[in-house]
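These are the residues of each chain, in order.
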There are 2 protein chains.
Amino acid sequence: MERVKCTLQYDGTLFHGFQRQPNKRTVQGELEKVLKVIHKGQSISIAASGRTDAGVHARGQVIHFDSDLGIPERGWLHALNTQLPDDIRVRSVEKVTEAFHARYSVIEKEYHYFVLNCQEADVFKRHYSYHFPYELNMEKIEEACRYLEGTHDFTTFSSTKSTVKGSKVRTIYEASVKKEASEIEFIFRGSGFLYNMVRIMVSVLLDIGQGRRQPEDIQYLLERNDRKLVGKTIDAHGLHLWNVIYKEME
Amino acid sequence: MERVKCTLQYDGTLFHGFQRQPNKRTVQGELEKVLKVIHKGQSISIAASGRTDAGVHARGQVIHFDSDLGIPERGWLHALNTQLPDDIRVRSVEKVTEAFHARYSVIEKEYHYFVLNCQEADVFKRHYSYHFPYELNMEKIEEACRYLEGTHDFTTFSSTKSTVKGSKVRTIYEASVKKEASEIEFIFRGSGFLYNMVRIMVSVLLDIGQGRRQPEDIQYLLERNDRKLVGKTIDAHGLHLWNVIYKEME
């Protein structure tokens, strides 16, 4: 038995999210369907760094599975990409030891969220960037990002549907924003993210950019641990799982 | 009666090309459907700078139509974008005189063709860039571009299905190529382009980049006026109608 780690990208537009669901097209479902064919009818389960919702994209999702076929790394890359639909691509394959687990060995995840900040929408970005036509004060948003960084209880910034039991304390190593022409890119790197956490943070940051809240409100919101204090969860399609970092394996 | 000029973009992926066809989803069909609603059931025909094939995208297609509704420019922009599907966007609207015609007043058109030149495909570019995994000599391609520029009979580089009667002489003002990371962008500006002309030129340029032909072969190919001398027409989805330039109106 060998453990195979794959880094993959997918366009979330036409998937009902990552997780397998009966009669729905999901990323996990497509991957396991192909693995079953390669294993001549034997079901193979995959584990991922985490799920992504419907519409969310991935540039660097990581999964693993176990196989006794003994296929070399380049062979896996070819076998998978030949049979997968064209909105999922395996970018690299690596054989790892059983000490590696796509979910439990994660030490850092990175998400980017794109906002198109101009009057008219752009057809080429409609599935990848959230269109927001109102003026934004970027300095206020940058200032607010400073309050998100660090170790906090993020209950206010997570869905009440979150299934996480226990602590909602997470550490954000980086919360930053840059703007190039009309495209705004939010970058979040952290030890982990709660359900909908990035999308709620971006929603609050846009409120701050519009002057509907002040940057220092973040501190108050973090302390209150109450999801009802903040507005809606922003649309999924601007969100991209960018990268997953793992413990160094010896 | 007023003549209204619109500059629009569309994602060609889900259209059976630009031109209206019965029972098929086309860009012209969608535009005329919306114009009919705005004109309370009256059919309005549009004229475009030219057609585009299925899968071809537009960043700056230009159309015109005549209307007696007297709607101001910003009103047209809003009315159209509110009702058009999200893969067509009107970027600007301008009232023009009857001397303007979207097709006959064109003095220059610009097309870009994108090639993704690396081993693995990229899901986010799969509809917008042609994936070509083989090594290319960019200097040879640049050299070949020089031979395409200027005034020539482009019969060899046009589809035999071309419906153009008369001269196939066209002037190319610019044929150039640039590469950034693994993305190659071809740029063609000319007085006009024959049917499939850009896609056949790119196909020959890739042959040259692979060493299957020499840059100076272009001259010979142009002189022979024979479509059968060159290979296949490259895929539509890498092609983008970039910009259309018109005579200055007094």
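Residues numbered from 1 in each chain as written. Chains lettered and ligands numbered in written order. Predicted model: local features only at pLDDT ≥ 70, side-chain atom pairs only at ≥ 80, totals over all residues. Heavy atoms only, no water.

An unreviewed UniProt entry annotates chain A as tRNA pseudouridine synthase A of Oceanobacillus bengalensis. As stated in UniProt under Catalytic activity (unreviewed entry), the record for chain A gives "uridine(38/39/40) in tRNA = pseudouridine(38/39/40) in tRNA". Here chain A is described in UniProt, under the heading Sequence similarities (unreviewed entry), as follows: "Belongs to the tRNA pseudouridine synthase TruA family." (UniProt positions renumbered as here; feature names shortened; annotations may be inferred.)

**Description of the packing of helix α1 (residues 27-38) of chain A against helix α2 (residues 73-83) of chain A**
All names here are of chain A. Two elements in contact, α1 and α2, have axes whose closest approach is 10 Å; the angle formed by their N-to-C orientations is 120 degrees. Seen along the crossing, α1 lies across α2 with a hand that is right-handed. Contacts between α1 and α2 involve Val34, Leu35, Val37 and Ile38 from the first element and Trp76, Ala79, Leu80 and Gln83 from the second. (Axes fitted to C-alpha atoms, helices over the stretch in contact; angles between N-to-C directions. Helix = DSSP H or I, 4+ residues; strand = E, 2+ residues; numbered from the N terminus. Left-handed = near helix turned anticlockwise from the far one by under 90°. Contact = heavy atoms within 4.5 Å.)

**Focus on the UniProt feature "domain: Pseudouridine synthase I TruA alpha/beta" (unreviewed entry) in chain A**
Taking the UniProt record as the reference, the feature "domain: Pseudouridine synthase I TruA alpha/beta" (unreviewed entry) is found at residues 9-105 and 144-246 of chain A. Across residues 9-105 of chain A one finds 24% helix and 25% strand; the C-alpha atoms that close the span lie 20 Å apart.

**Some details on the UniProt feature "binding site: substrate" (unreviewed entry) in chain A**
Residue and element names in this part refer to chain A. In this numbering, the UniProt entry assigns the feature "binding site: substrate" (unreviewed entry) to Tyr111. Along the polypeptide, tyrosine 111 turns up in strand β5 (residues 106-116). For tyrosine 111, the residues in contact, after removing those within four places along its chain, are Phe186, Ile187, Phe188, Phe193, Val198, Leu239, His240, Leu241 and Trp242.

**Observations regarding the packing of aromatic side chains**
Within the structure shown, the criterion is met by 22 aromatic pairs over all chains. Ring centres of tyrosine 128 of chain A and phenylalanine 124 of chain B lie 5.7 Å apart, and the angle between their planes is 85 degrees; this geometry places the pair in the edge-to-face category. With tyrosine 128 of chain A in the loop between β5 and β6 (130-131) and phenylalanine 124 of chain B in the loop between β5 (106-116) and β6 (130-131), this residue pair bridges two chains. The same class applies to tyrosine 128 of chain A and to phenylalanine 124 of chain B, which are both buried. Three or more aromatic residues link up through ring pairs in this structure, and these residues are Tyr10, Phe15 and Phe18 of chain A. Geometry around phenylalanine 124 of chain B places arginine 59 of chain A over its ring, the cationic atom sitting 3.8 Å from the centre. (Phe/Tyr/Trp six-rings, centres within 6.5 Å; stacked < 30°, edge-to-face > 60°. Buried < 20%, exposed > 50% of the residue type's maximum accessible area, 1.4 Å probe, protein only. Lys NZ or Arg CZ within 6 Å of the ring centre and 35° of its normal.)

**So, the interface of chain A and chain B**
Contacts between the two partners involve 23 residues from chain A, matched on the other side by 23 residues from chain B. Across the chain A to chain B interface the summed buried area is about 1900 Å²; carbon plus sulfur atoms make up 53%. Broken down residue by residue, the surface that chain A buries against chain B is led by Glu120, Phe124 and Arg126 of chain A, which jointly contribute 36%. The tally of links between chain A and chain B comes to four salt bridges. Connecting chain A to chain B are 10 residue pairs in polar contact (both at pLDDT 80 or more). Those elements that provide at least two residues to the side of chain A that touches chain B are β1 (2-10), β3 (57-67), α2 and β4 (88-96) of chain A. At four residues, the largest contribution of residues to the side of chain A that touches chain B is made by β4 of chain A. (Buried area = accessible area lost by both parts, 1.4 Å probe. Salt bridge = Lys/Arg side-chain N within 4 Å of Asp/Glu carboxyl O. Polar contact = N/O pair within 3.5 Å; in protein donor to acceptor, adjacent residues only side chain to side chain.)

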